[in-house]
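Structural features, examined
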Amino acid sequence: MFKSPFLIFLGTAFLLRIFSFFPSVINHDESTYIVIADALLRGETYWVDVVDIKPLGIFLIYAALLKIGGGSIFLLRLFTAVWVAGTGYFLYRAAKTWQADENAARASGVMYIFMCSLFTFYGVSPNTELYYTLFNTLALWLILAFPQRIWGALGAGLCLGAGFMIKYTVAFDALAMGLMLIWLFWQANASFFRLFLQGILMIAAFLVVPLLV
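Since this is a predicted model, take the numbers as computed values, not measurements.

A short note on unusual backbone geometry
Backbone geometry follows two general trends: most residues other than glycine have a negative phi, and most peptide bonds adopt the trans configuration. Of note in the backbone geometry, Trp47 takes a positive phi value of approximately 70 degrees without being a glycine. As for its position among the elements, Trp47 is in the loop between helix 2 (28-41) and helix 3 (57-69).

What follows is the structure in structure tokens.
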């Protein structure tokens, strides 16, 4: 059972973040997400009745968690630990695809969980950075594992678009991954037309989520 990388990451995230499961308040960021998510569940409109500088995504996530967990703070923090474990897992998958070294790949996932769980007493609180990073690492794995597959570009674009709707700074991560895609094509001596097609598909998929919102 413990040979499963995801279970290792999940256990590590639970162990390191368990003290964050119980306090009713960690900081104002998380409290803001909860307050606005609760308002959305009561039928209020974002940027009309309630306002913040962040895009809608983080509030939709919290609204879904409040609905599922009945407003339980414990379950909100527990879900964040699962989310962090998932991020560590896809970072592991990306690193394994890049270097094909199992130990180094596992270390990258575990190190990520340590870095965002021990920065302060309760770890980095449930915040936009923890949530959009999962989409970034999933997109990175898709680009590295399937650089010349159409669905790889579409999947990476959709993931980055979803991350963008959590925090706008993901646009710069998308630019970096686009440059990585160019480099992978150059390394493989792939055709320029294929690269152009992959780039267009990735950009189009990236725009889908913001346009739908």
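Topic: helix 8 (residues 170-188)
Its 19 residues give helix 8 an end-to-end C-alpha distance of 27 Å, which sits within 8% of 27 Å, the value for a rise of 1.5 Å per residue. Just downstream of helix 8 lies Asn189, where phi reads positive at about 55 degrees.

Quick notes on the layout of surface pockets
When its volume is computed, the largest pocket comes out at roughly 340 Å³. The wall of the largest pocket is formed by 15 residues, among which Ala174, Gly178, Gly199, Met202 and Ile203 lie closest to the centre. For the lining of the largest pocket, the secondary structure elements donating two or more residues are helix 8 and helix 9 (192-212). In terms of residue count, the dominant contributor to the lining of the largest pocket is helix 9 (eight residues). Per-class residue counts for the lining of the largest pocket are 13 nonpolar, two polar and no charged.

Details of the environment of Gly11
Assignment of secondary structure puts Gly11 in helix 1 (residues 5-17). Residues Gly11 and Ala85 lie 74 residues apart in sequence; the distance between their C-alpha atoms is 8.2 Å.

With respect to the nonpolar core
Formed by 48 residues in total, the largest nonpolar core has its most connected members in Tyr62, Tyr131 and Leu160. If you list the elements that add at least two residues to this core, you get helix 2, helix 3, helix 4 (73-99), helix 6 (128-145), helix 7 (150-164), helix 8 and helix 9. Broken down by element, this core gets its largest block of residues, nine residues, from helix 6. Beyond its immediate sequence surroundings of up to four residues, Tyr62 is in contact with Glu30, Tyr33, Ile34, Ala37, Leu76, Pro126 and Tyr131. Within the second largest apolar cluster, 14 residues are counted, among which are Phe9, Leu10, Tyr112 and Leu130.

Points about the side chain of Asn127
By the secondary structure assignment, Asn127 is in the loop between helix 5 (102-117) and helix 6. One polar contact links Asn127 to Tyr33, side chain to side chain, over a distance of 2.4 Å. Filtering out sequence-adjacent residues up to four positions away, Asn127 remains in contact with Asp29 and Tyr33.

Points about the packing of aromatic side chains
Enumeration according to the criterion identifies 22 aromatic pairs in this entry. With 5.6 Å between their ring centres and 85 degrees between their planes, Phe21 and Phe74 make a pair best called edge-to-face. With a gap of 53 residues between them, Phe21 in the loop between helix 1 and helix 2 and Phe74 in helix 4 connect regions that are remote in the sequence. Taking the relative accessible area as the measure of exposure, Phe21 reaches 4% and is therefore buried. Look at Tyr33 and Phe59: their rings are 5.8 Å apart centre to centre, the planes differ by 70 degrees, and that puts the pair in the edge-to-face class. Pair noted here: Tyr33 is in helix 2 and Phe59 is in helix 3, with a separation of 26 residues, a long-range link. Neither Tyr33 nor Phe59 differs from the other in exposure class; each is buried. Through a chain of ring-to-ring contacts, the aromatic side chains of Tyr33, Tyr46, Trp47, Phe59, Tyr62, Phe79, Trp83, Tyr131 and Phe135 assemble into a single cluster.

Parameters and conventions
Residues numbered from 1 in each chain as written. Predicted model: local features only at pLDDT ≥ 70, side-chain atom pairs only at ≥ 80, totals over all residues. Heavy atoms only, no water. Helix = DSSP H or I, 4+ residues; strand = E, 2+ residues; numbered from the N terminus. Expected span 1.5 Å × (residues − 1). 1 Å grid on protein atoms, 1.4 Å probe; cavity = no way out; pocket = protein on both sides within 12 Å on 5 of 7 lines; lining within 4 Å. Points joined across faces, edges and corners; volume = space filled by probe spheres on them. Nonpolar A, V, L, I, M, F, W, Y, C, P; charged D, E, K, R; others polar. Core = buried A, V, L, I, M, F, W, Y, C linked by side-chain atoms within 4.5 Å. Buried < 20%, exposed > 50% of the residue type's maximum accessible area, 1.4 Å probe, protein only. Contact = heavy atoms within 4.5 Å. Polar contact = N/O pair within 3.5 Å; in protein donor to acceptor, adjacent residues only side chain to side chain. Phe/Tyr/Trp six-rings, centres within 6.5 Å; stacked < 30°, edge-to-face > 60°.

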